[in-house]
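Each chain, letter by letter, is given below.
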Amino acid sequence: MKRKRITSVISICLLVISASVFPVRAINYTYFYSPETISNISGRAYADSDCPTNWLNMSLFGATGNGVSQTISNWNLGDFTYLVSPSPVGSYQRGISNGDYGSTSVQMTSDAVGAELHTWSIPGGSGYNYNLLNGQVKYKWDYTDNKRPWAHSNSVFKFSFNLKVNNSYMIGGSCGYVYASILIEDPNGKYFSIQPQIYDTRYVPNSEYVGWDAGMNAGYANSYYRYDNNGVARYCTKNPASYSSTNSTWTDWHWYGFSIDRTQLLNAINDVNNTYGAGLSTDPSEWRLLLITIQDEIYWPTGNGHLSFAAKDLWAYEEY
């Protein structure tokens, strides 16, 4: 009995010592976006124009005129995205031609979104929008919304979603790719994007680099979902449970998740500054989140192609 009491006292002392030497850090979260249910696509599809803030929507770029003006009720976009629109399908689908089966269109069902890009259906060809056709799901904030993903010294920004990329075909000089993107802005009104690449018809994304977007007049830092080195890359880290970048299509839901800590943010900022003299702020706490998006894009200076995607369960938040 005496030995048991001594053992208990020793165990308690060890626990106290362990707690003082190795303190447990409390984990806090600030959520910027979480999944929502969309009952109708009406008022949520936009083409070559700005869209409202604080409003999940599908945007189409690279189709002349109002490229999502028509209700698509004659056919189900799920034949291409593998995301079946419920009945009546016209309540969930918009595109450029109701009578052209498989033409460029977007959809928003109750809990998921999708897009089919089809360059053959674009009037006038590729001679505008820098030879790009782009469909994306996005959520946007104003700078005044004060969404600061790196507000704390230990902040980590996280973005995740489920995704399908099941339908891809390219000929001639066209290529297609799918990527996630966040747009952030500093106090001086300068902004840039960090873009982990998911899928590419040309190769498995496996490198990081910075560039300059002529259309946005802003820099970007491209990364990828790295399968080795615990998923840690210069600009972002792949969640251990996430799928990696690929050049193969798939038909079931694949979960993708990445994070960006302060060091990785500064890596991207410094690389853009050093390459382009952008003058971006190097104080992580000052940067504010303007946009989260998953983008489906075809580059077609020549040739043609089609590419579809579907996404659901979008989460964006700060962990600290």
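1. Some remarks on the overall build of the chain
Thought 1: Of regular secondary structure, the chain possesses 3 helices and 17 strands.
Thought 2: The principal-axis extent of the C-alpha atoms belonging to the chain is close to 85 × 50 × 40 Å.
Thought 3: Looking at the chain residue by residue over its 320 residues, the buried ones come to 52%.
Thought 4: For the chain, the share of sequence-separated contacts (at least 6 apart) that also reach a separation of at least 24 residues comes to 70%.
Thought 5: Here the chain displays about 14,300 Å² of accessible surface, and carbon together with sulfur accounts for 50% of that area.
Thought 6: Taking the average location of the 21 positive side-chain charges in the chain and that of its 25 negative ones, the two points are 15 Å from each other.

2. Quick notes on the side chain of Ser 223
Thought 1: Locating Ser 223 in the fold gives a position in strand β13 (residues 218–224).
Thought 2: On the accessibility criterion, Ser 223 (0% relative accessible area) is buried.
Thought 3: Every residue in contact with Ser 223, bar those within four places of it in the chain, is listed here: Gln 195, Pro 196, Gln 197, Ser 207, Glu 208, Ala 233, Tyr 235 and Cys 236.

3. Digging into the nonpolar core
Thought 1: In terms of nonpolar packing, the biggest core is built from 62 residues, with Phe 157, Phe 159, Leu 163, Ile 182 and Phe 192 touching the most fellow members.
Thought 2: Sorting elements by how many residues they give to this core places strand β9 (residues 156–171) first, with 6 residues.
Thought 3: Leave out the neighbours within four places in its chain, and Leu 163 touches Val 178, Ile 198, Trp 250, Asp 252, Trp 253, His 254, Tyr 256, Ile 294, Phe 309, Ala 310 and Ala 311.

Rules and cut-offs
Residues numbered from 1 in each chain as written. Predicted model: local features only at pLDDT ≥ 70, side-chain atom pairs only at ≥ 80, totals over all residues. Heavy atoms only, no water. Helix = DSSP H or I, 4+ residues; strand = E, 2+ residues; numbered from the N terminus. Buried < 20%, exposed > 50% of the residue type's maximum accessible area, 1.4 Å probe, protein only. Contact = heavy atoms within 4.5 Å. Areas by Shrake-Rupley, 256 points an atom, 1.4 Å probe, with all protein chains shown as cover. Lys, Arg positive; Asp, Glu negative; His and termini not counted. Charge placed at Lys NZ, Arg CZ, Asp CG, Glu CD. Core = buried A, V, L, I, M, F, W, Y, C linked by side-chain atoms within 4.5 Å.

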